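Here's the letter readout for the chains.
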Amino acid sequence: GEIQPIDRYNMFHRNINLWYEEMKKAGLNEEEMDVMKKYLLPASGCSLQQEDFMRLVMEPKISGYSLADSNALRKAIAHKILDVLANQKPKFHAACQQQGTRIEMANYVWDYCIQPLASYSFSIIHSVLYSIIALQEMNLATKYNSLYWSCASLCVDAGSADVDNFEDVIKGIIIGPRSLQ
């Protein structure tokens, strides 16, 4: 029943004022909103990658986590180690309290920036690699006859792609057999 991170991003990307309303509703003051804007405004108010919440928790006005502590939190989320993640929440709140961060800010960062990524998140490097693959597939789909893509997909799905002779398979897909040209 919760709003998914991608839906939240789309909503805030279309109307950034909804993000400001969410922060006000969570009890954040102007100074705390400025801290959040510093890190999340370029991403329409959402922590999209693991590095986003790592930067947030290392911020001295939030919890002042060290790089090692923020990486431990990242690993718990990335590897979906729920018992470690459950132990991180009180540790995070204690660090926030030690920094003089209000409970509203600590709750907002945890509930809206960290917790949603616990179910599914990527690092920036991982996202970039997926983007490159998507662009390559888009290039194949738009530059070449769809028959080549369909045949290659069927070969892979059927398990009949000859990985020992991969270069010839690729040449056949890109150049194509003479009968199909």
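The structure reproduced in this document is the subject of the present report. All chains use their own residue numbering, which begins from 1 and follows the written sequence. With the structure being a predicted model, the display of local features is reserved for residues of pLDDT at least 70 and the display and counting of side-chain atom pairs for 80 or more, all residues being used for whole-chain, interface and lining totals. The side-chain values count all of the structure's non-hydrogen atoms but skip hydrogen atoms and water molecules.

## Looking at the overall build of the protein
Check the secondary structure of the protein and you find 10 helices and zero strands. The buried label goes to any residue with under 20% of its type's maximum accessible area, the exposed label to any with over 50%, and the partly exposed label to all in between, with areas taken from a 1.4 Å probe on protein chains only. Evaluated residue by residue, the protein yields a buried proportion of 30% over its 181 residues. For the protein, the accessible area works out to roughly 11600 Å², and carbon and sulfur atoms hold 57% of it. Numbering of helices and strands runs from the N terminus; a helix is a DSSP stretch of H or I covering at least four residues, while a strand is a stretch of E covering at least two. The accessible surface values rely on the Shrake-Rupley method and a 1.4 Å probe; as for residues, cover is taken only from the protein chains in view.

## Looking at unusual backbone geometry
Positive phi, close to 55°, is recorded for Ser44, a residue that is not glycine. Checked against the element boundaries, Ser44 lands in the loop between helix 3 (30-40) and helix 4 (50-58). Overall, the relative accessible area of 7% leaves Ser44 in the buried class. Phi is positive for Lys80, which is not a glycine, with a value near 50°.

## Details of the nonpolar core
Counting residues in hydrophobic clusters, the biggest one holds 32 residues, and the most contacted among them are Met36, Ile62, Leu73, Phe92, Val109 and Ile114. Of all the elements in the fold, those that place two or more residues in this core are helix 2 (17-25), helix 3, helix 4, helix 5 (67-78), helix 6 (82-99) and helix 7 (103-114). The greatest single-element share of this core, amounting to seven residues, is contributed by helix 7. Among the buried residues, those of types Ala, Val, Leu, Ile, Met, Phe, Trp, Tyr and Cys that are joined through side-chain atoms within 4.5 Å form a nonpolar core.

## Focus: the pattern of salt bridges
For this analysis, a salt bridge means a side-chain nitrogen from Lys or Arg found within 4 Å of a carboxyl oxygen belonging to Asp or Glu. This structure, assessed with the given rule, holds seven salt bridges. Among the salt bridges present, the one from Lys37 reaches Asp34, with a minimum N-O distance of 3.3 Å. Pair noted here: Lys37 and Asp34 are both in helix 3, with a separation of three residues, about one helical turn. You can call Asp34 partly exposed: its relative accessible area is 42%. With its nearest N and O atoms 3.5 Å apart, the salt bridge here joins Glu59 to Lys38. You can see Glu59 sitting in the loop between helix 4 and helix 5 and its partner Lys38 sitting in helix 3, a full 21 residues away along the chain. Overall, the relative accessible area of 7% leaves Glu59 in the buried class. Three or more residues joined by partner-sharing salt bridges are found here, namely Glu32, Arg102 and Glu104.

## A word on the packing of helix 3 against helix 7
It is the contact of helix 3 with helix 7, at a shortest axis distance of 11 Å, that shows an interaxial angle of 30°. One way to sum up the angle between helix 3 and helix 7 is to call them roughly parallel. Helix 7 is crossed by helix 3, and the crossing has right-handed handedness. Two secondary-structure elements touch here, helix 3 through Glu32, Val35, Met36 and Leu40 and helix 7 through Met105, Tyr108, Val109 and Cys113. Here an angle of 0 to 180 degrees is reported between the N-to-C directions of two axes, which are lines fitted to C-alpha atoms, with helices fitted over the stretch in contact. For classification purposes, angles smaller than 35 degrees are called roughly parallel, those larger than 145 roughly antiparallel, those between 65 and 115 roughly perpendicular, and all remaining angles oblique. Each crossing gets its handedness from the near helix: less than a right angle anticlockwise from the far helix is left-handed, clockwise is right-handed. Only heavy atoms matter for contacts: two residues are in contact if any of them lie within 4.5 Å across the pair.

## Comments concerning the packing of aromatic side chains
Between 30 and 60 degrees the pair is tilted, below 30 it is stacked and above 60 it is edge-to-face, where a pair is any two Phe, Tyr or Trp rings, Trp via its six-membered ring, whose centres lie within 6.5 Å. Scanning all chains against the criterion turns up four aromatic pairs. Ring centres 5.5 Å apart and planes at 35° place the aromatic pair Trp19 and Tyr20 in the tilted group. The class for Trp19 is buried, based on a relative accessible area of 0%. Members of the aromatic cluster, connected to one another through ring pairs, are Tyr65, Phe92 and Trp110.

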